[in-house]
Amino acid sequence: MQCFDFLVICSVLYSLTLSPFMRSFFLDSVGISLKLECFVEIIFFMDILLGFITPFYDYEDNFIDNKFEIIQNYLLNHCFIDLLTGIPFTMISNFFNITSLFSKLNISIWKWLTVLCFYKLDKKTINSLLPHIKYSEDGKINRVISFLLYFFILIHVSSCMWIYIGNYNRLTNIDNWINFYINSSNKIDIYLASVYFKTEGAFVRFDMSEYQNSEGVNRLIGTTDNPGELTEAIK
């Protein structure tokens, strides 16, 4: 079971990293990428089936192995999202030999549902991928690594979606940000530009120029005689 959980996590990471990048540039899945896409879809389908028979722990840490309660819990919690993320669009498009541009565009839109598998990245992800790290008792390292993982994945997926919208508009002859701001057709250049535009608004900038001298620093943090603005605000 641990081996399958690891395969699920790898499939989720693939669906949140390489797959969005390929989808954003409308790259066809061929060769190894096609096999990976089909493999991921099979793993997600098997995960749905196992969801109906896998015991779980309730909120009171009681081990639940009753079949009816397992099915009920899965239907009420993760079944709907798993069904959306588990639709085998790649296998369907290859089985029916879909080649028209309009049909491919519609399928590519629905394929973005696979990013909903983001919810599968829970605390077990760090334990499975980085077993050699010894976590502190309060879990600080665990939380930091989880935050960084979630942050970079969110930035990556949102950047790929932004590229996808631009390329989608280009295919439908609509003006878009790629034509206006990017003078290169290189995919890496376009991706880095999208990441820059996304991360630029994700940070808060503070003007600290008034605290460059010692008097400004003393006014901020205070001295032995006079409390500072920051220390008083924290109190």
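Residues numbered from 1 in each chain as written. Predicted model: local features only at pLDDT ≥ 70, side-chain atom pairs only at ≥ 80, totals over all residues. Heavy atoms only, no water.

We now examine a nonpolar patch on the surface. Among the surface-exposed residues, Ile42, Phe45, Met46, Leu49 and Met91 lie close enough to one another that they form a single nonpolar patch of about 440 Å² accessible area. Here the nonpolar patch gets four residues from one element, more than from any other, and that element is helix α3 (residues 32-51). Relative to the helices and strands, Met91 resides in helix α6 (residues 89-95). The class of Met91 is partly exposed, set by a relative accessible area of 35%. (Patch = residues over 30% accessible without salt bridge, like charges linked within 9 Å, V, L, I, M, F, W, Y side chains within 5 Å. Areas by Shrake-Rupley, 256 points an atom, 1.4 Å probe, with all protein chains shown as cover. Salt bridge = Lys/Arg side-chain N within 4 Å of Asp/Glu carboxyl O. Helix = DSSP H or I, 4+ residues; strand = E, 2+ residues; numbered from the N terminus. Buried < 20%, exposed > 50% of the residue type's maximum accessible area, 1.4 Å probe, protein only.)

A few words on the environment of Tyr57. One can find Tyr57 in strand β1 (residues 56-57). Judged by its relative accessible area of 56%, Tyr57 falls in the exposed class. Measuring from C-alpha to C-alpha, the distance between Tyr57 and Ile70 comes to 10.0 Å, with 13 residues separating the pair along the chain. Apart from the residues within four sequence positions on either side, Tyr57 is in contact with Asn62 and Phe63. (Contact = heavy atoms within 4.5 Å.)

Before going further, it helps to spend a moment on the pattern of salt bridges. Applying the stated rule across the entire model yields two salt bridges. A salt bridge links Asp47 to Lys120, with the shortest nitrogen-to-oxygen separation between them at 2.6 Å. Of this pair, Asp47 sits in helix α3 while Lys120 sits in the loop between α7 (101-111) and α8 (123-129), and the two are 73 residues apart along the sequence. Several salt bridges converge on common partners, so that one network encompasses Asp47, Asp82 and Lys120.

Attention now moves to the nonpolar core. Formed by 24 residues in total, the largest nonpolar core has its most connected members in Val12, Leu16, Leu121 and Ile153. At the level of elements, α1 (2-16), α2 (18-24), α3, α9 (140-171) and α11 (187-200) are the ones that each hand at least two residues to this core. The element that contributes the greatest number of residues to this core is α1, accounting for seven residues. (Core = buried A, V, L, I, M, F, W, Y, C linked by side-chain atoms within 4.5 Å.)

Turning to the packing of aromatic side chains, a few remarks are in order. Summed over the entire model, instances satisfying the criterion amount to ten aromatic pairs. Each member of the aromatic cluster is reached from another via a ring pair, and the members are Phe26, Trp112, Tyr164 and Tyr168. Positioned over the ring face of Trp112 is Arg23, at 5.1 Å from the centre of the ring. One cation-aromatic arrangement involves Lys187 over Phe25; the distance from NZ or CZ to the ring centre is 6.0 Å. (Phe/Tyr/Trp six-rings, centres within 6.5 Å; stacked < 30°, edge-to-face > 60°. Lys NZ or Arg CZ within 6 Å of the ring centre and 35° of its normal.)

This paragraph deals with unusual backbone geometry. The phi dihedral of Phe26 falls on the positive side, at around 55°, and the residue is not glycine. Summarising the element assignment, Phe26 is placed in the loop between α2 and α3. Overall, Phe26 belongs to the partly exposed group, its relative accessible area being 24%. The phi torsion at Asp61 lies on the positive side, around 60°, for a residue other than glycine. Position of Asp61 relative to the elements: it lies in the loop between β1 and β2 (63-64).

This is a description of form; function is not addressed.
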